[in-house]
Amino acid sequence: HEAAVKMALKYALVSPNFLFRIEKETVAPGAQALDDYALANRLSYFLWSSMPDETLFTLARTQRLRDPLVLEQQVQRMLKSPKASALSESFVGQWLRTRELYTTAQPDQGKFPQSTPSLRDALFQESSLYFASLVSDNQSLLKLIDSNYTFLSEELAKHYGVDGVTGPQLRKVVLNDGGKRGGLLGMGAVHVLTSYPQRTSPVLRGKWILSELLGTPPPPPPPVVATLSTNDAPEAGLTFRQRLEKHRTKPECAGCHSRMDPLGFGMENFDVLGRWRDKIGDSAVDSSGTLPGGVTFSGPKELKTQLLNRKDDFVRHTTEKMLSYALGRGLEPSDLPTVRKITEKLAKNDYKTPLLIQEIAKSYPFTHRMNEGRTKTALK
């Protein structure tokens, strides 16, 4: 009997119906409106990463959830719930790749013994709590690029060189550092993700900005390309930056590196773990960059100004990422009019973060699904 029960449980637990959230298709082909129960399910897993509560089930049962006003009210209610923290942790972890702090992004322990599990947890929570504050405080998406605060515990504050923070809990801390940190570019999680185990990488950091913030990723590198040393100390009389600049003079490398490297250089004041530095070895950090078109800047503060000049790209890409997250699929060309409509509304309302979430929940792609038009025979 015990073996039989184990076998039944095993097959139940590996069933796609257990592992995935299945949305039933109708026989009719084309776009179909979700019924209220399916909409409640989709909304709850979008905002809470969990099943609907009794309020959503009641609205679904009485077929009121599809009313745009009711749907908007539910989004506002759900975002005020403690369960909404799942949205920040899951969305930020996927979009900005901060989940990789627990997998592939591992600084060399011999060179960076300060990289402890507790520091890693604090770096991950900093980015999640920061995004959650934009939702709860009705703040602009543009604060992801620049602000005058972040979330710190005592350990993380000491790591960043910020005084006056005590205790293990992360809390909002106003920064007085001349614009060095506030926003994603000043977060240690980003610096770890965009570094190699033993050194920083302007290339990886520039690529991260283009891909994850602006949605304009560079093409993949050529099949055979020389790599630089894992050491950022001067070699043969050349600093690491000079060696990288020499590397990108090659015709096959220049096109992409001219876009990526200047952006990455603007973050060179942050080491692998996100600590501020003025020198690399005995050489002063050169955090200046020249963008295509001849625009120059120096340091993270001026880099953030350049990114704010491209706020349309940033808001569009953020909208695409959150819509994709909400739908649980990649976007199709048919989704792009929705992206444009949402970004236009955001531009008229100071890019408020809760408005982005609300408009996605009310959008056509979120309240409908495309059926493949399977026949009854095929469904058997």
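Everything here concerns the structure above.
Here the residue numbers are simple positions, counted from 1 along each chain's written sequence. Given that this is a predicted model, residues contribute local features only at a pLDDT of at least 70 and side-chain atom pairs are listed and counted only at 80 or more, while totals for whole chains, interfaces and linings are drawn from all residues. Excluding hydrogens and water, the side-chain figures rest on all heavy atoms present in the structure.

A. Quick peek at the packing of helix H6 (residues 85-95) against helix H7 (residues 117-136). Fitting a line to C-alpha atoms yields each axis, with helices limited to the stretch in contact; the angle taken between N-to-C directions then spans 0 to 180 degrees. Secondary structure elements are taken from DSSP: a helix is a run of H or I of four residues or more, a strand is a run of E of two residues or more, and numbering for both begins at the N terminus. Two elements in contact, H6 and H7, have axes whose closest approach is 8 Å; the angle formed by their N-to-C orientations is 120°. Relative to H7, the element H6 is oriented oblique. Along this stretch, H6 crosses H7, giving a crossing that reads as right-handed. Here H6 contributes Ser88, Glu89, Phe91 and Val92 to the contact with H7, which in turn contributes Phe124, Ser127, Ser128, Phe131 and Ala132. By residue class, the composition of the contact of H6 with H7 is 5 nonpolar, 3 polar and 1 charged. Here is the rule for angles: anything less than 35 degrees is roughly parallel, anything more than 145 is roughly antiparallel, 65 through 115 is roughly perpendicular, and the remaining ranges are oblique. It is the rotation of the near helix from the far one that decides the hand of a crossing: anticlockwise by less than a right angle makes it left-handed, clockwise makes it right-handed. Any two residues whose heavy atoms approach within 4.5 Å are treated as being in contact. Note that Gly is not counted as nonpolar here; it falls among the polar residues with everything else outside the nonpolar set of Ala, Val, Leu, Ile, Met, Phe, Trp, Tyr, Cys and Pro and the charged set of Asp, Glu, Lys and Arg.

B. Focus on the packing of helix H14 (residues 311-327) against helix H15 (residues 336-348). Their axes nearest at 10 Å, the elements H14 and H15 cross at an angle of 125°. Here H14 lies oblique to H15, going by the angle between them. When you trace H14 past H15, the crossing you get is right-handed. Residues Val315, Arg316, Thr319, Glu320 and Leu323 of H14 lie in contact with H15, whose contacting residues are Leu336, Thr338, Val339, Ile342, Thr343 and Leu346. Across the contact of H14 with H15, the residue classes break down as 6 nonpolar, 3 polar and 2 charged.

C. Up close: the pattern of salt bridges. One speaks of a salt bridge when a side-chain nitrogen belonging to Lys or Arg is within 4 Å of a carboxyl oxygen belonging to Asp or Glu. Under the counting rule described, the total for this entry stands at 16 salt bridges. The salt bridge involving Arg77 is made with Asp53; its shortest N-O contact spans 3.0 Å. Of this pair, Arg77 sits in helix H5 (residues 68-79) while Asp53 is found in the loop between helix H3 (36-47) and helix H4 (54-61), placing the two residues 24 residues apart along the sequence. The class for Arg77 is partly exposed, based on a relative accessible area of 29%. Note that Glu54 is salt-bridged to Arg61, the shortest N-O span being 3.5 Å. Under the scheme applied here, a residue whose accessible area is under 20% of the maximum for its type counts as buried, over 50% as exposed, and between as partly exposed, the area being computed with a 1.4 Å probe on protein chains only. We classify Glu54 as exposed; its relative accessible area is 52%. For Arg61, a relative accessible area of 48% translates into the label partly exposed. If you follow the salt bridges from partner to partner, you end up with Glu72, Lys345, Glu359 and Lys362 in one network.

D. Representation of the pairing of strand S2 (residues 149-152) in the model. The alternating pattern of S2 places Tyr149 and Phe151 on one face and Thr150 and Leu152 on the opposite face, and all of these are buried. Pairing analysis gives 4 bridges linking S2 to strand S3 (residues 171-174), with the strands arranged antiparallel. What sits directly across from Tyr149, in S3, is Val174. Whether two strands pair depends on DSSP finding at least two bridges between them.

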